[in-house]
There are 2 protein chains.
Amino acid sequence: MDRIEKVQNCLKTWEVDLLIVDNPTDLFYLIGKELSLGRLVIAQSNAILYVDGRYYEACKESLEIGVEELAEAAIEGERIGFDANFTTFANYEKLTKLKGELVPLSNPLLTIREVKEPGEIEFLRAAAALGSKGYDFVVSLLSEGVTEEELAIELELFWRKAGGERVAFAPHVAFGENSAYPHHHAGKRPLKQGDLVLIDIGVVLNHYNSDMTRVVFFGEPDPELQKIFHIVHQAQLKALEICKPGTLIADLDQAARSHIASKGYGEFFLHSLGHGVGLDIHEAPGIRKNGEGILKEGMVITIEPGIYLSGTGGVRLEDTVVVTSNGFENLTNRPI
Amino acid sequence: MDRIEKVQNCLKTWEVDLLIVDNPTDLFYLIGKELSLGRLVIAQSNAILYVDGRYYEACKESLEIGVEELAEAAIEGERIGFDANFTTFANYEKLTKLKGELVPLSNPLLTIREVKEPGEIEFLRAAAALGSKGYDFVVSLLSEGVTEEELAIELELFWRKAGGERVAFAPHVAFGENSAYPHHHAGKRPLKQGDLVLIDIGVVLNHYNSDMTRVVFFGEPDPELQKIFHIVHQAQLKALEICKPGTLIADLDQAARSHIASKGYGEFFLHSLGHGVGLDIHEAPGIRKNGEGILKEGMVITIEPGIYLSGTGGVRLEDTVVVTSNGFENLTNRPI
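Bear in mind the structure is a predicted one, so any value in this text is a computation, not a measurement.

Some remarks on the interface of chain B and chain A
No. 1: Contacts between the two partners involve 29 residues from chain B, matched on the other side by 29 residues from chain A.
No. 2: For the pair chain B and chain A, the two sides together bury roughly 2,700 Å², of which 64% comes from carbon and sulfur.
No. 3: The three residues of chain B that bury the most area against chain A are B:Arg54, B:Phe89 and B:Arg160, which together make up 26% of that side's buried surface.
No. 4: Along the contact surface separating chain B from chain A lie 2 salt bridges.
No. 5: Between A:Arg160 and B:Glu156 there is a salt bridge, with its nearest N and O atoms 2.4 Å apart.
No. 6: Scanning the region where chain B abuts chain A turns up 10 residue pairs in polar contact (both at pLDDT 80 or more).

Considerations on the sheet that holds strand S2 (residues 39–43) of chain B
All names here are of chain B.
No. 1: Strands sit in the order S4-S3-S2-S1-S5-S6 across an open sheet of 6 strands; the sheet is mixed. Each having just a single partner strand, strand S4 (66–69) and strand S6 (101–105) make up the two edges of the open sheet. When strand polarity is set aside, the average angle formed by the axes of neighbouring strands in this sheet is 25°.
No. 2: Packing of helix H1 (residues 2–14) onto the sheet brings it into contact with strand S1 (18–21), S2, strand S3 (47–51) and S6, and relative to S2 it is tilted by some 65°.
No. 3: Contacts from helix H2 (residues 24–31) reach S1, S2, S3 and strand S5 (79–83) within the one sheet, and its direction differs from that of S2 by about 55°.

Comments concerning the relation of the copies chain B and chain A
No. 1: For the pair chain B and chain A, the best superposition has an RMSD of 0.0 Å and corresponds to a rotation of 180° with a translation of 0.0 Å parallel to the axis. Accordingly, the operation relating the two chain copies is best matched by a two-fold axis. Considering only C-alpha atoms, the residue of chain B closest to the rotation axis is B:Thr88, which sits at 2.0 Å.
No. 2: A high fraction, 100%, of the interface residues of chain B reappear at the interface in chain A, so the copies pair face to face through one surface.

Here's the deal with the side chain of A:Thr247
No. 1: Following the sequence through the fold, A:Thr247 ends up in the loop between helix H8 (223–241) and helix H9 (249–262).
No. 2: Those residues in contact with A:Thr247 that lie beyond four places of it in its chain are A:Ile242, A:Leu252, A:Gly293, A:Ile294 and A:Leu295.

Section: the environment of B:Phe217
No. 1: The topology assignment puts B:Phe217 in strand S12 (residues 212–218).
No. 2: Every residue in contact with B:Phe217, bar those within four places of it in the chain, is listed here: B:Asp195, B:Leu196, B:Leu225, B:Gln226 and B:Phe229.

Re the pattern of salt bridges
A side chain of one charge can pair with a side chain of the opposite charge if their charged atoms are brought near each other.
Residue and element names in this part refer to chain A.
No. 1: The full count for this structure, using the stated rule, is 40 salt bridges over all chains.
No. 2: A salt bridge links Arg334 to Asp136; the shortest N-O distance between them is 2.5 Å. Taken together, the residues Arg334 in the segment after strand S19 (328–330) and Asp136 in helix H6 (residues 118–140) connect sequence positions 198 residues apart.
No. 3: The partly exposed category is assigned to Arg334, whose relative accessible area is 27%.
No. 4: Judged by its relative accessible area of 35%, Asp136 is partly exposed.

Comments concerning helix H6 (residues 118–140) of chain B
No. 1: Given a rise of 1.5 Å per residue, 23 residues ought to cover 33 Å, and the 33 Å separating the end C-alpha atoms of H6(B) matches this to within 8%.
No. 2: Among the residues making up H6(B), those that are buried are B:Glu120, B:Ile121, B:Leu124, B:Ala127, B:Ala128, B:Leu130, B:Gly131, B:Ser132, B:Gly134, B:Tyr135 and B:Val138.

Some details on the packing of H8(A) against H9(A)
All names here are of chain A.
No. 1: Where H8 meets H9, the closest approach of the two axes is 8 Å, and the angle between their N-to-C directions is 150°. Comparing the axis directions of H8 and H9 gives the class roughly antiparallel. H9 is crossed by H8, and the crossing has right-handed handedness. Note on element contacts: H9 touches H8 through Leu252, Ala255, Ala256, His259 and Ile260, opposite Ile231, Gln234, Ala235, Lys238 and Ala239.

Concerning the side chain of A:Asp52
No. 1: For A:Asp52, the location among the structural elements is in the loop between strand S3 (47–51) and helix H3 (56–62).
No. 2: The residues touching A:Asp52, leaving out its near neighbours within four places in the chain, are A:Leu37, A:Glu69 and A:Leu70.

Observations concerning the environment of A:Leu95
No. 1: The topology assignment puts A:Leu95 in helix H4 (residues 89–95).
No. 2: The spatial distance from the C-alpha of A:Leu95 to the C-alpha of A:Ala126 is 40 Å, given a sequence separation of 31 residues.

Points about the domain arrangement of chain A
Residue and element names in this part refer to chain A.
No. 1: Its domain assignment divides chain A into domain 1 (3–113) and domain 2 (118–330).
No. 2: A separation of 34 Å is found between the C-alpha centroids of domain 1 and domain 2.
No. 3: On the side of domain 2, 7 residues touch domain 1, which itself brings 7 residues to the contact.
No. 4: Roughly 690 Å² is buried in total at the junction of domain 1 and domain 2, and carbon and sulfur atoms are behind 56% of that figure.
No. 5: Among the residues domain 1 hides against domain 2, the three largest losses belong to Phe28, Leu110 and Arg113. Together they make up 58% of the total.
No. 6: Summed over the shared surface of domain 1 and domain 2, the number is 2 salt bridges.
No. 7: Here Arg113 and Asp280 are joined by a salt bridge, their closest N and O atoms 3.0 Å apart.
No. 8: Linking domain 1 to domain 2 there are 2 residue pairs in polar contact (both at pLDDT 80 or more).
No. 9: Secondary structure elements with two or more residues in the side of domain 1 that touches domain 2: helix H2 (24–31) and helix H5 (108–113).

Some remarks on a negative patch on the surface
All names here are of chain A.
No. 1: Where like charges cluster on the molecular surface, the negative patch consists of Glu57, Glu61, Glu68 and Glu69.
No. 2: Those elements that place two or more of their residues in the negative patch are H3 and strand S4 (66–69).
No. 3: The class for Glu68 is partly exposed, based on a relative accessible area of 39%.

Here's the deal with H9(A)
Residues and elements named next belong to chain A.
No. 1: Taking 1.5 Å per residue, 14 residues should reach 20 Å; H9 reaches 20 Å between its end C-alpha atoms and fits that length.
No. 2: Taking the largest bend as the criterion, H9 deviates by roughly 25°, centred on Ala255.
No. 3: For H9, the complete set of buried residues consists of Ile249, Leu252, Asp253, Ala255, Ala256, Arg257, His259 and Ile260.
No. 4: Looking at the buried residues of H9, the elements they touch are H8, strand S14 (283–287), strand S15 (300–303) and strand S16 (306–309).
No. 5: At the C-terminal side of H9, Gly264 shows a positive phi close to 90°.

So, the pairing of strand S18 (residues 319–323) of chain B
All names here are of chain B.
No. 1: The element S18 is largely enclosed, with a buried count of 5 among its 5 residues.
No. 2: Bridge count for S18 against strand S19 (residues 328–330) is 3 bridges, and the pairing is antiparallel. Bridge pairing in S19 links Val321 to Asn330.

Notes on the sheet that holds strand S8 (residues 172–175) of chain B
Residue and element names in this part refer to chain B.
No. 1: If you walk across this open sheet you meet the 3 strands as S8-S9-S12, and the pairing is antiparallel. Taken across any chain shown, the strands that pair with only one partner, and hence form the sheet edges, are S8 and S12. Averaged over all neighbouring strand pairs, the angle between strand axes comes to 10°, with direction disregarded.
No. 2: Across 7 bridges, strand S9 (residues 195–201) lies against S12 in antiparallel orientation. The partner of Leu196 across the bridge, within S12, is Phe217.
No. 3: Strands S8 and S9 of the sheet are contacted by helix H7 (residues 148–161), whose axis makes an angle of about 150° with S8.

Criteria and thresholds
- Residues numbered from 1 in each chain as written.
- Chains lettered and ligands numbered in written order.
- Predicted model: local features only at pLDDT ≥ 70, side-chain atom pairs only at ≥ 80, totals over all residues.
- Heavy atoms only, no water.
- Contact = heavy atoms within 4.5 Å.
- Buried area = accessible area lost by both parts, 1.4 Å probe.
- Salt bridge = Lys/Arg side-chain N within 4 Å of Asp/Glu carboxyl O.
- Polar contact = N/O pair within 3.5 Å; in protein donor to acceptor, adjacent residues only side chain to side chain.
- Pairing = 2+ DSSP bridges.
- Helix = DSSP H or I, 4+ residues; strand = E, 2+ residues; numbered from the N terminus.
- Axes fitted to C-alpha atoms, helices over the stretch in contact; angles between N-to-C directions.
- Least-squares fit on C-alpha atoms with pLDDT ≥ 70 in both.
- Buried < 20%, exposed > 50% of the residue type's maximum accessible area, 1.4 Å probe, protein only.
- Expected span 1.5 Å × (residues − 1).
- Parallel < 35°, antiparallel > 145°, perpendicular 65-115°, else oblique.
- Left-handed = near helix turned anticlockwise from the far one by under 90°.
- Domains from an automatic or database assignment.
- Patch = residues over 30% accessible without salt bridge, like charges linked within 9 Å, V, L, I, M, F, W, Y side chains within 5 Å.
- Areas by Shrake-Rupley, 256 points an atom, 1.4 Å probe, with all protein chains shown as cover.
- Lys, Arg positive; Asp, Glu negative; His and termini not counted.
- Charge placed at Lys NZ, Arg CZ, Asp CG, Glu CD.
- Bend = angle between axes of the 7 residues up to and from the residue.

Okay, here's the thing in structure tokens:
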């Protein structure tokens, strides 16, 4: 089983004899099963899945690895790795009863999951295409008096009928001044002439997430909002210009951030430039000012600069891209 | 602010000067805001919410408690309580840098949240009513050849159009032998004459969850499945008979479990009897064999015994009930 081997190949680097995997998303990545509770213990030469009565029969029948009843006592190793970013303090205290030294690792699977396999990129491309279709659908519904919430619900129904599993997150549809809140929830606000409309949406298809943000003007826009729209767009292009293997993640963020700062809006770019997308809507790598590491071929990330003017409105433009051998492919694949 | 006072009233019992609340559901319960990230620090005489740039303006405008930029350094107390069941080991390590002794508490808010206020029961009643409507809708669609997955999708669309926010969990619709897996996911299996149909579904309305399970026979059922249907139904009635304030939670589980055991199917009841329902689909109290504590007026719990026969099929019957002053009200409110 290929992905479990990827973990086994990291055990030495992590300086552990085995890794305990409890995170359901990691479990799905490794064994292809959705378990609300389960524990996979990966050692150099084998892997055993521990599940309770709800899953035992189904897993035993279909998996090629060992399947046992959930029983922590069976775990033995000199150095036992666990995910410090998933394991709660209460579960950590239970682990302390194991023989062996506990080694906290920070999201160990994410360092593997952040580089996508071709099959995963195919799923992400399909999710992004369905995401873009949903965006076009929302735009087609814009009319005076329609509320943010109505658009959000119609979009959910559209995606579900088109085969989407669920929304990646509650659709952010924000009209006018509401767009100044980066995480506004769609509400009862009706659409008025002259409103800016911010649409930040994502859908899950085949377990993989899409994520995109667009801004459209409904009627004649406020001149300052038009101005920041162009600044944000240019900032995104600045980042995309250097989006390729080897680029420092901090430099990618800086490319967009310094452009916005140079236009005098630095303090209004309230968040990081982007994040990895995959089985989770937010995963590694984080594209932050102080982000570590470099872009690698196969990483799938969002690039989403924004400027938010309290009381007036905000602009964020977000594409999901995959880093290719010599640049990037824009999965969102839709004009600004 | 009433709910924060409820927490303040517990600080002494927990032997802490202040409580750190990071869990987004607890934050919603306490301040009525959906935050993906935030930290509420509750002391005897005040409460301060720490949020990042995404939420600062919106919270500052609308909340009556103190709102500050997320900055852990400001937290000071001699004994600092934190939720050991939510705080990751990595975040715990950050907390160790605070002055003061860290006191791990196990889901402290759940002991407050498990007893619902009248307004919450109203929301749970409305969610359960929408849940039951969804069940009737699914039953109306049963016809030879329809797949589990088709029913699951139709149900989601039905609920969303009717005002439901989202499904509480992916609808479990299981035909025939698939029903023997307590957590089967709806798949491509078409419905055949003589199939048992297990429907375990829930919807979220006004942030509160519904949860119910029913079994219907499509055509002439297998005689053993008919038999276990009656055993499970009787087991549920045995539990409901003693469902009132003061009953030991372990006794409630035992009432159903011992009936099933007395009929020779004890080993096929693979899970606990039920769980609390509220803002989370699974919350306190857990209704388990070794569950601690007693039922209290205002608790909202599921009662869901089941018997699962591998290769043949399974029966689970689940109602959500609220414990009243002298018994219970069945929120699911729908005949078996």
